[in-house]
Amino acid sequence: MKFVRRFIVLIGGAFNGLFVLLLIATAYSPYIDPTVHPMWSCLGLAFPVFLLTDIAFLLLWIIVRQYKMALLPLAGLLLCYGQIRTYIPLNFPAEHVPEGSLKILSYNIMGFNSGKKTDGENAILAYLQHSGADILCLQEFATYSSPRLTKAEVDQALDNYPYQRVDKLGSADISTNYIACYSKYPILSARKLNYASDGNGSVVYELKVGEDTLTLINNHLESNKLTAEDKQVYTGMLTAPKKEKVKSGARLLWKKLAEASAIRGPQADAVAQAIRTSPHSKVIVCGDFNDTPISYARRVIGQDMNDAFTQSGQGLGISYNQNRFYFRIDHILVSKNLRTYKCTVDRSIKDSDHYPIECYVATKER
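### Some points on the sheet that holds strand β7 (residues 212-220)
Move 1: Overall, mixed pairing links the six strands, which are arranged β5-β6-β7-β8-β10-β9 in an open sheet. Only two strands of the sheet have a single partner each, and these edge strands are β5 (187-192) and β9 (305-307). The sheet shows a mean angle of 20° between the axes of neighbouring strands, direction not considered.
Move 2: Pairing of β7 with strand β8 (residues 283-288) involves six bridges; the strand directions are parallel. Bridge assignment links Asn 219 to a residue of β8, and that residue is Gly 287.

Have a look at this one:
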């Protein structure tokens, strides 16, 4: 019996060691350049799977009283502590928000849900109107292509934002993707970042807020280009996981995700460069990154920045709400001289395929 027990522990330890290595590989995959190794750069998507596996091993070793073996998954958790906190932060709720804080809301509005109205009202527009945000950063602002909701209606509903800027994104003539900023503070300038994309992009604004001028960068980075059929393949893999279906489906999806990651890499580099060269010390970056907290794009853009959700949010903060893709791909980042409060992914409105993310931003007290 002792031999059998030792053999089981040995085999279990070997598997545990393998999964710890995989956890570390996924956690540090954001350091892989997606233009050089696009397939490997997507490993971060599997981070939550191997994190759960590592925790399961830790609990198993404790239950069977193999405490020395428990050190192995514990080491994995410690080596990946920073990534775990980024992915699923736990913070004490802020008791108060400093007076004069800015409320920032970033939201991929999916063309106001194609401009649909119920009882004469568009739910997304009504949500924005009553959000109480000081600055709205909107992606997929495509009212121009919708006969159901006009730009004039949007401006009338958001008339408490006297400053606005709407820009068409992408280099393709057929692009109908727009990005918008509605602000209660003057927009002094706006320029699109020069990077390659048919239908996505980033806009850099200068905003005058009191005595300060801050840089705001609103982003809609390269989409993953998964078709409706691709999403059905993914759903089928989850609901009916037959071996051949999973293998072929995984290859298809991984290839498409890798291709999009390779395009997003230089886009993220361009955003990071805009942050570094900002003439203003206070910088806020937000938008739909189309990438998770454990990704090259999020790491490069977020270097030397504070992640609002990591700093003041709770849990997973899943911001994409369709097709069982349970990831946080919408982000708000702020420069180190700013602090965020009550960062929230608001799941109360489901009229877009994204949930809005919002937070309060204040100058950091010295």
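### Some words on the environment of Gln 273
Move 1: Within the element layout of this structure, Gln 273 appears in helix α10 (residues 243-276).
Move 2: Judged by relative accessible area, Gln 273 falls into the partly exposed class, the value being 38%.
Move 3: Remark: the alpha-carbon pair of Gln 273 and Ile 301, spanning 28 residues in sequence, is separated by 8.6 Å.
Move 4: Polar contacts involving the side chain of Gln 273 include one to the side chain of Arg 276, which spans 2.7 Å.

### Observations regarding the pattern of salt bridges
Opposite charge on two side chains makes pairing possible when the charged atoms of those side chains draw close.
Move 1: Summed over all chains, the structure comprises eight salt bridges.
Move 2: In this structure, Arg 165 engages Asp 167 in a salt bridge whose closest nitrogen and oxygen atoms are separated by 3.0 Å.
Move 3: The partner of Asp 307 in a salt bridge is Arg 298, and the shortest N-O contact between them spans 2.9 Å. With respect to class, Asp 307 is no different from Arg 298; both count as buried.

### Here's the deal with the pairing of strand β10 (residues 330-335)
Move 1: Where burial is concerned, most of β10 is hidden: six out of the six residues are buried.
Move 2: Side-chain alternation along β10 places Asp 330, Ile 332 and Val 334 on one buried face and His 331, Leu 333 and Ser 335 on a second face that is also buried.
Move 3: For β8 and β10, the ladder comprises five bridges, and the chain directions are antiparallel. The residue bridging Gly 287 from the neighbouring strand is His 331, located in β10.
Move 4: Bridge count for β9 against β10 is three bridges, and the pairing is antiparallel. Directly across from Asn 306, in β10, lies its bridge partner Val 334.

### Some thoughts on the environment of Phe 19
Move 1: Mapped onto the elements, Phe 19 comes out in helix α1 (residues 2-27).
Move 2: In this structure Phe 19 comes out as partly exposed when scored by relative accessible area, which is 24%.
Move 3: Phe 19 sits 32 residues away from Leu 51 along the chain, and the two C-alpha atoms are 9.0 Å apart.
Move 4: In contact with Phe 19, other than residues within four places in its own chain, are Phe 50, Thr 53 and Phe 57.

### So, the sheet that holds strand β3 (residues 163-168)
Move 1: An order of β3-β4-β2-β1-β12-β11 is seen for the six strands of this open sheet, with the pairing classed as mixed. This sheet does not close on itself; its edge strands, each paired only once, are β3 and β11 (338-345). Each adjacent strand pair in this sheet contributes to an overall mean axis angle of 15°, direction not counted.
Move 2: Sheet topology places strand β1 (residues 102-108) next to strand β2 (residues 135-139); five bridges connect them, and they run parallel. From the neighbouring strand, Asn 108 faces β2, where its bridge partner is Gln 139.

### Some details on the packing of aromatic side chains
Move 1: For the structure shown, the criterion picks out eight aromatic pairs.
Move 2: With a centroid separation of 6.1 Å and an interplanar angle of 35°, the aromatic rings of Phe 19 and Phe 57 are classed as tilted. Remark: Phe 57 occurs in helix α3 (residues 47-63) and Phe 19 occurs in helix α1; sequence separation between them is 38 residues.
Move 3: According to the relative accessible area criterion, Phe 57 is buried, its value standing at 14%.
Move 4: Considering the side-chain rings of Tyr 107 and Tyr 127, the 6.0 Å spacing of their centres and the 70° angle between planes classify their relative orientation as edge-to-face. With Tyr 107 in strand β1 and Tyr 127 in helix α7 (residues 123-129), the pair connects residues that are 20 residues apart, well separated along the chain. The same class applies to Tyr 107 and to Tyr 127, which are both buried.
Move 5: Among the aromatic residues, those joined into a cluster by ring pairs are Phe 19, Phe 50, Phe 57 and Trp 61.

Rules and cut-offs
One numbering rule holds for all chains: residues counted from 1, following each sequence as written. Local features in this predicted model are restricted to residues whose pLDDT is 70 or higher, and side-chain atom pairs enter the listing and the counts only when it is 80 or higher, whereas totals over whole chains, interfaces and linings include all residues. Side-chain numbers here rest on the full set of heavy atoms in the structure, without hydrogens or water. By definition, two strands form a pair when at least two bridges between them are found by DSSP. For helices the rule is a DSSP run of H or I covering at least 4 residues; for strands it is a run of E covering at least 2, with both sets numbered from the N terminus onward. For helices, the fitted axis covers only the stretch in contact; all axes are lines through C-alpha atoms, and the angles between them, taken along N-to-C directions, range from 0 to 180 degrees. Here the term buried applies to any residue with accessible area under 20% of the maximum for its type, exposed to any over 50%, and partly exposed to those in between, with areas from a 1.4 Å probe on protein chains only. Two N or O atoms form a polar contact when they lie within 3.5 Å of each other; inside protein one atom must be a possible hydrogen donor and the other a possible acceptor, and for residues adjacent in sequence the pair counts only when both atoms belong to side chains. Salt-bridge detection follows one rule: a side-chain nitrogen of Lys or Arg within 4 Å of a carboxyl oxygen of Asp or Glu. We call two residues in contact whenever any of their non-hydrogen atoms come within 4.5 Å of each other. Side-chain rings of Phe, Tyr and Trp, where Trp is taken by its six-membered ring, are said to pair if the distance between their centres is within 6.5 Å; with planes under 30 degrees apart they count as stacked, over 60 as edge-to-face, and otherwise as tilted.

The analysis is restricted to geometry; functional conclusions fall outside its scope.
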